[in-house]
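So the chains spell out like this:
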Amino acid sequence: MSADNQQERLQKIGWIIGFVDGEGCFSVSVFRNKISKLGWQVFPEFAVTQGEKSLQVLEILKNYFQCGKITVNHRKDNHKENLYRYTVRNINDLRKIIIPFFKQYQLVTAKKDDFSLFVKIVDLVVKKEHLSLTGLTKIAKLTQSMNRKSQSKFLAESSETIR
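None of these values were measured; they are calculated from a predicted model.

> Looking at this model, I keep getting lost on the overall build of the protein. Mind explaining?
Regarding its fold elements, the protein presents six helices and four strands. Put simply, the protein runs from its N terminus to its C terminus through helices and strands in the order α-β-β-α-β-β-α-α-α-α. The 163 residues of the protein split such that 39% are buried. Restricting the contact set of the protein to residue pairs at least 6 apart, pairs at least 24 apart contribute 59%. Only carbon and sulfur atoms are counted for the fraction: they give 49% of the accessible area of the protein, which is about 10,100 Å².

> Looking at this model, I keep getting lost on the pattern of salt bridges. Mind explaining?
Here the idea is simple: oppositely charged side chains can pair when their charged atoms come close. Enumeration according to the criterion identifies three salt bridges in this entry. Its salt-bridge partner being Glu-45, residue Arg-85 comes within 2.7 Å of it at the nearest N-O pair. Separated by 40 residues along the polypeptide, Arg-85 in strand β4 (residues 83–88) and Glu-45 in strand β2 (residues 40–51) bring together distant segments of the chain. Among the residues examined, Arg-85 registers a relative accessible area of 27% and is labelled partly exposed. Glu-45 sits in the buried class, given a relative accessible area of 8%. We note a salt bridge from Glu-45 to Arg-89, for which the minimum N-O separation is 2.5 Å. With Glu-45 in strand β2 and Arg-89 in the loop between β4 and α3 (91–104), this residue pair connects regions lying 44 residues apart in the sequence. With a relative accessible area of 44%, Arg-89 lands in the partly exposed category. If you follow the salt bridges from partner to partner, you end up with Glu-45, Arg-85 and Arg-89 in one network.

> How should the nonpolar core be read in this particular structure?
Where a protein is soluble and globular, its nonpolar side chains tend to be buried together. One finds Phe-26, Phe-46, Phe-65, Ile-98 and Phe-102 to be the most contacted residues of the largest nonpolar core, which totals 40 residues. At the level of secondary structure, the elements contributing two or more residues to this core comprise α1 (3–23), β1 (24–32), β2, α2 (55–65), β4, α3, α4 (111–126) and α5 (133–143). When residues of this core are assigned to their parent elements, the largest contribution, eight residues, is made by α4. Excluding anything up to four places from it in sequence, Phe-26 contacts Val-20, Glu-45, Phe-46, Ile-98, Phe-102, Leu-107, Lys-111, Asp-114, Phe-115, Phe-118, Met-146 and Asn-147.

> Can you walk me through α4 in this structure?
Note on helix geometry: an α-helix contains 3.6 residues per turn, so any two residues three or four positions apart are oriented the same way. The first and last C-alpha atoms of α4 sit 22 Å apart over 16 residues, in line with the 22 Å expected at 1.5 Å per residue. Inspection of α4 places Lys-111, Asp-114, Phe-115, Leu-117, Phe-118, Val-119, Ile-121, Val-122, Leu-124 and Val-125 among the buried residues, and these make up the whole buried set. With its phi angle positive at about 65°, Lys-128 sits one or two positions after the end of α4.

> Would you take a moment to explain the packing of aromatic side chains for this structure?
In this description, a pair of aromatic rings is defined by centroid distance and the angle of the planes. The tally for this structure, following the rule as stated, stands at 16 aromatic pairs. Seen from their ring centres, Tyr-64 and Phe-65 are 5.3 Å apart, and the 90° between their planes marks the pair as edge-to-face. In textbook terms, an aromatic cluster arises when at least three aromatic residues are bridged by ring pairs, as seen for Phe-26, Phe-46, Tyr-64, Phe-65, Tyr-86, Phe-101, Phe-102, Tyr-105, Phe-115 and Phe-118.

> I tried to follow the packing of α4 against α5 on my own but got confused; where do I start?
When two helices pack together, their arrangement is given by the angle between the helix axes and by the axis-to-axis distance. The interhelical angle for the contact between α4 and α5, taken along N-to-C directions, is 165°, at an axis separation of 10 Å. In terms of orientation, α4 lies roughly antiparallel with respect to α5. Note that α4 runs across α5; the crossing there is left-handed. Between α4 and α5, the residues in contact are Leu-117, Lys-120, Ile-121, Leu-124 and Val-125 and Lys-138, Ile-139, Leu-142 and Thr-143, respectively. Looking at side-chain class alone, the contact of α4 with α5 contains six nonpolar, one polar and two charged residues.

Reading the values: the criteria
Every chain is numbered on its own, with residues counted from 1 as its sequence reads. Confidence filtering applies because this is a predicted model: local features only for residues at pLDDT of at least 70, side-chain atom pairs given and counted only at 80 or more, and all residues used for totals across whole chains, interfaces and linings. Each side-chain value is worked out from all heavy atoms of the structure, with water and hydrogens disregarded. Only DSSP runs of H or I covering at least 4 residues are called helices, and only runs of E covering at least 2 are called strands; the numbering of each starts at the N terminus. The buried label applies to any residue whose accessible area, calculated with a 1.4 Å probe on protein chains only, is under 20% of its type's maximum; exposed applies above 50%, and partly exposed to all values in between. Contact definition: two residues touch when any of their heavy atoms are within 4.5 Å. Only the protein chains shown count as cover for residues, and the accessible areas themselves come from Shrake-Rupley with a 1.4 Å probe. The salt bridge criterion pairs a side-chain nitrogen of Lys or Arg with a carboxyl oxygen of Asp or Glu, the two atoms within 4 Å. In this description, a nonpolar core means a group of buried Ala, Val, Leu, Ile, Met, Phe, Trp, Tyr and Cys residues linked to one another through side-chain atoms lying within 4.5 Å. How far a helix is expected to stretch is found by multiplying one less than its residue total by 1.5 Å. Stacked, tilted and edge-to-face are the three classes applied to pairs of Phe, Tyr and Trp rings, where Trp contributes its six-membered ring and a pair requires centres within 6.5 Å; stacked means planes under 30 degrees apart, edge-to-face means over 60, and tilted covers the rest. Orientation is described by lines fitted to C-alpha atoms, with helices fitted over the stretch in contact, and by angles between N-to-C directions that extend from 0 to 180 degrees. Should an angle fall under 35 degrees it is called roughly parallel, over 145 degrees roughly antiparallel, and 65 to 115 degrees roughly perpendicular, with every other angle called oblique. Handedness of a crossing follows from how the near helix is turned relative to the far one, being left-handed for an anticlockwise turn of less than a right angle and right-handed for a clockwise one. Ten residues, namely Ala, Val, Leu, Ile, Met, Phe, Trp, Tyr, Cys and Pro, are considered nonpolar, four, namely Asp, Glu, Lys and Arg, are considered charged, and the remaining ones, Gly among them, are considered polar.

And the structure:
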């Protein structure tokens, strides 16, 4: 690889880190699913959302990582453009592509804390701990510290059931 190509690659990586720091999200949902063993599903996701005018930046991310999907959300509110989301949900893509990238090229903002919790949760899922009540509880508690820090529905409902 020539020095020019190396410089371009580093610039693109820096851009990705900055862009994801501002616009990306590492999230994990725990929601009811009747066909799951415990009746709950753990759903880790890396996502970046943009308006239609900035769709090309999501395509840059998808092309760089070579995984994930771009989907449209046809808005019904007062905005004049659709929203698009680049998402990676496949556990193997998260483990082998997304997580190693953000471990090597670290986020700068408080989002790095969400990423650390995200990594712990994905590791628990890979170890199949989400298939036990103890593991699911551990995951639900970790999700409460992420992003908006809202109470896990699983913890609220399972504590009601236990009482």
